[in-house]
Amino acid sequence: MSLDEVSLEDVDEISSIKIDKRKSSNERILEFLKECKNPYIFKVNNNLVKISFSDTSKTADDCLTNVLSNLYK
């Protein structure tokens, strides 16, 4: 799905999703996935963001942990 096909009203504002910082990274990822409609497309300050992965040695867990740890410092 391209960002041109997405309406701002149909995706979550990531700053409104509250994650417990005391939980482990795996627990935070699971909590985020439960709260977010689509973990690959969301809003940050009303701007659409799409996450995609390239062919690298990084896992999805590594990437999501990095995104969440930067957002919820």
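Position labels on residues start from 1 in each chain and follow its written sequence. Per-residue local features are limited, in this predicted model, to residues with pLDDT of at least 70; the limit for side-chain atom pairs, both in listing and counting, is 80 or more; totals at the level of whole chains, interfaces and linings are taken over all residues. Hydrogens and water molecules were not included; the side-chain quantities draw on all heavy atoms of the structure.

### Focus: the overall build of the protein chain
- Secondary structure elements are taken from DSSP: a helix is a run of H or I of four residues or more, a strand is a run of E of two residues or more, and numbering for both begins at the N terminus. Helix and strand content of the protein chain: 2 helices and 2 strands.
- Taken from N to C terminus, the helices and strands of the protein chain fall in the order α-β-β-α.
- The globule rule used here is 2.2 Å times the number of residues to the 0.38 power, and the radius of gyration it is set against is calculated over C-alpha atoms. For a compact globule of 73 residues, the expected C-alpha radius of gyration is about 11 Å, and the protein chain comes in at 12 Å, within 12% of that figure.
- In terms of overall dimensions, the protein chain has C-alpha extents of about 35 × 30 × 20 Å along its principal axes.
- For the exposure calls, accessible area comes from a 1.4 Å probe over protein chains only, and a residue counts as buried if that area is under 20% of its type's maximum, exposed if over 50%, partly exposed in between. Taken over 73 residues, the protein chain has a buried fraction of 27%.

### Observations regarding the packing of aromatic side chains
- In summary, the pairing rule links any two rings of Phe, Tyr or Trp, Trp by its six-membered ring, whose centres are within 6.5 Å, and it sorts them by plane angle into stacked for under 30 degrees, edge-to-face for over 60 and tilted for everything else. Across all of its chains, the model carries 1 aromatic pair by this definition.
- With centroids separated by 6.5 Å and ring planes inclined at 90°, the aromatic side chains of Phe-32 and Phe-42 adopt a geometry described as edge-to-face. With Phe-32 in helix H1 (residues 25-35) and Phe-42 in strand E1 (residues 41-44), this pair connects stretches of sequence that are 10 residues apart. Phe-42 matches Phe-32 in its accessibility class, with the two residues each being buried.

### Focus on the nonpolar core
- Grouped together as the largest cluster of nonpolar side chains are 11 residues: Ile-14, Ile-17, Ile-19, Ile-29, Phe-32, Cys-36, Phe-42, Ile-51, Leu-64, Leu-68 and Tyr-72.
- At the level of secondary structure, the elements contributing two or more residues to this core comprise H1 and helix H2 (60-71).
- For Cys-36, the contacting residues outside a window of four places in its chain are Asp-12 and Ile-17. Working definition of a nonpolar core: buried Ala, Val, Leu, Ile, Met, Phe, Trp, Tyr and Cys residues. They are joined through side-chain atoms within 4.5 Å. Note on contacts: a residue pair qualifies if any of its non-hydrogen atoms lie within 4.5 Å across the two residues.

### Observations concerning the pairing of strand E2 (residues 47-50)
- Bridging between E1 and E2 involves 4 bridges; their strand directions are antiparallel. What sits directly across from Lys-43, in E2, is Leu-48.
- In this analysis, strands are considered paired if DSSP registers two or more bridges between them. Where E1 folds back on E2, the antiparallel hairpin that results is connected by 2 residues, among which Asn-45 adopts a positive phi of roughly 50°.

### Digging into the environment of Ser-24
- Relative to the elements of secondary structure, Ser-24 occurs in the segment before H1.
- The class of Ser-24 is partly exposed, set by a relative accessible area of 35%.
- On a C-alpha basis, the gap between Ser-24 and Lys-37 in space is 22 Å, while along the polypeptide they are 13 residues apart.

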